[in-house]
Amino acid sequence: MQTERTEAKKQYGFNKLQKRIRRETGKAIQQFSMIEHNDKIMVCLSGGKDSYTLLDTLMYLKRVAPIHFDIIAVNLDQKQPGFPEHVLPQYLEQLGVDYEIVEEDTYSIVKDKIPEGKTTCSLCSRLRRGILYKTAKRLGATKIALGHHRDDMIETMFLNMFYGGKLKSMPPKLVSDNGEHVVIRPLAFCREKDIARYSEAMAFPIIPCNLCGSQENLQRKNIKTMLNQWDRQFPGRIESIFTAMQSVTPSHLVDNELFNFDAVKATGVETEEGDTAFDAPSFNQSFVPEDTEEQSTSAIQITQIA
Ligand code: SF4
């Protein structure tokens, strides 16, 4: 009896999680017009939790969507030592989805060109990007779908702010840097925590991502640690940051390109977005924590990140 109740509870939790991921993916697709009727979506599958979740969710949405679109899963086998070649074909066959495994030995190129001990990721990802664009063109794909999620987008924003001097994140939809493709990120509204739990529950056959022997990007790791600390210490903060990314006020930033400060003139009409002079900023109360020591603690944490 006890076991049955535990099982039922587990199933209920899983259903809720699956529904949330599907709902959030559908919402992002709709909000950013990611998929159109008769699109052919090339889903980039690395063998990690995010891309498995993306493929699984898009396959579900294809079944229930009122429009027609096709999916083709593509994996790039970069010939890293120990890459388990059989895992993805086996999984994809069983799923019954169209797929293609592209084999290109970028591993040897990277090892050849980059001196021992130097970071290999930028050349490796440049090569990968080129191959995936070429593949999308050959397959006639109209969209390229990537498995980045909400937390990747937040991390990227802080990386750009802390190390790049730019207020810029990872877009949910954008044209590729060669101008030839539309890249979409349907998991833009999904939390990494949810994806990790879903991937575990679905027992996706995960391929480890450290086969190339490269160290994890230290700066990204630092940002991740900072955000995880904030999430534990100040519940709601990550949600507030992500909400802020969807609610930008160019007139309250300092970018002349984004807002025409030259054209500012008194209109005599009251406006909510007008300057409030010396008033303290007002906040959305749902994001304001009760902890009064928060400001000083977070300032300390930021200095520890550098
Ligand atoms: S971690 Fe390895 S496979 Fe991934 S981009 Fe860097 S070098 Fe390439």
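Residues numbered from 1 in each chain as written. Predicted model: local features only at pLDDT ≥ 70, side-chain atom pairs only at ≥ 80, totals over all residues.

What about the overall build of the protein chain?
What counts, and what does not: Numbering of helices and strands runs from the N terminus; a helix is a DSSP stretch of H or I covering at least four residues, while a strand is a stretch of E covering at least two. For every residue pair, C-beta atoms are placed from the backbone, and the pair is scored as a contact if these atoms sit within 7 Å.
The helix and strand tally for the protein chain stands at ten helices and six strands. The dimensions of the protein chain, computed from C-alpha atoms along their principal axes, are 65 × 60 × 45 Å. Within the protein chain, counting contacts between residues at least 6 apart in sequence, those at least 24 apart form 77% of the total.

So, the pairing of strand β1 (residues 39–44)
Rule in force here: Two strands pair under a simple rule: DSSP has to find at least two bridges between them.
Both β1 and strand β2 (residues 69–77) contribute to a ladder of six bridges, which runs parallel. By the bridge assignment for β2, Asp39 is matched with Phe69. Pairing of β1 with strand β4 (residues 143–145), which is carried by three bridges, proceeds in the parallel orientation. Residue pairing in the sheet places Ile41 in a bridge with Lys143 of β4.

Topic: the domain arrangement of the protein chain
Threshold: For each domain, the first and last residues come from an automatic or database assignment. For this scheme, ten residues count as nonpolar: Ala, Val, Leu, Ile, Met, Phe, Trp, Tyr, Cys and Pro. Four count as charged, namely Asp, Glu, Lys and Arg, and the remainder, Gly too, count as polar.
For the protein chain, the assigned domains are domain 1 (8–215) and domain 2 (221–264 + 283–305). The C-alpha-based centres of domain 1 and domain 2 are spaced at 27 Å. At the interface, eight residues of domain 1 touch eight residues of domain 2. In terms of residue class, the side of domain 1 that touches domain 2 is built from five nonpolar, one polar and two charged.

Digging into the nonpolar core
Under the convention used in this document: Definition of nonpolar core: a set of buried Ala, Val, Leu, Ile, Met, Phe, Trp, Tyr and Cys residues joined via C-beta atoms within 7 Å. Exposure classification rests on a simple neighbour count of other C-beta atoms within 10 Å of a residue's own: a residue reaching 20 or more is buried, one at 12 or fewer is exposed, and one in between is partly exposed. C-beta atoms are placed from the backbone.
Core analysis: the biggest nonpolar cluster contains 39 residues, and Met42, Val43, Cys44, Ile144 and Ala145 have the highest contact counts within it. Take this core: its biggest share by element is five residues, from helix α6 (residues 150–164). Among residues more than four places away in sequence, those in contact with Met42 are Ile72, Val74, Ala136, Leu139, Ala141, Ile144 and Ala145.

Re the sheet that holds β2
As a reminder of what qualifies: Only the stretch in contact is used when a helix axis is fitted, and all axes are lines through C-alpha atoms; the angle between N-to-C directions ranges over 0 to 180 degrees.
Strands sit in the order β3-β2-β1-β4-β6-β5 across an open sheet of six strands; the sheet is mixed. Edge positions in the sheet fall to β3 (98–103) and β5 (173–175), since each has one partner strand and no second. Strand-to-strand, the axes of this sheet are offset by a mean angle of 25°, without reference to chain direction. Pairing of β4 with strand β6 (residues 182–184), which is carried by three bridges, proceeds in the parallel orientation. Among the inter-strand pairings, Lys143 is bridged to a residue of β6, identified as Val182. Contacting β1, β2, β3 and β4, helix α5 (residues 121–139) crosses the sheet at an angle of about 145° to β2.

Some words on unusual backbone geometry
Of note in this structure, Ser33 is not a glycine but carries a positive phi near 45°. The residue Ser33 is located in the loop between α1 (2–31) and β1 in this model. For Ala277, which is not glycine, the phi torsion reads 55° and is therefore positive. Here Ala277 lies in the loop between α9 (237–245) and α10 (294–305).

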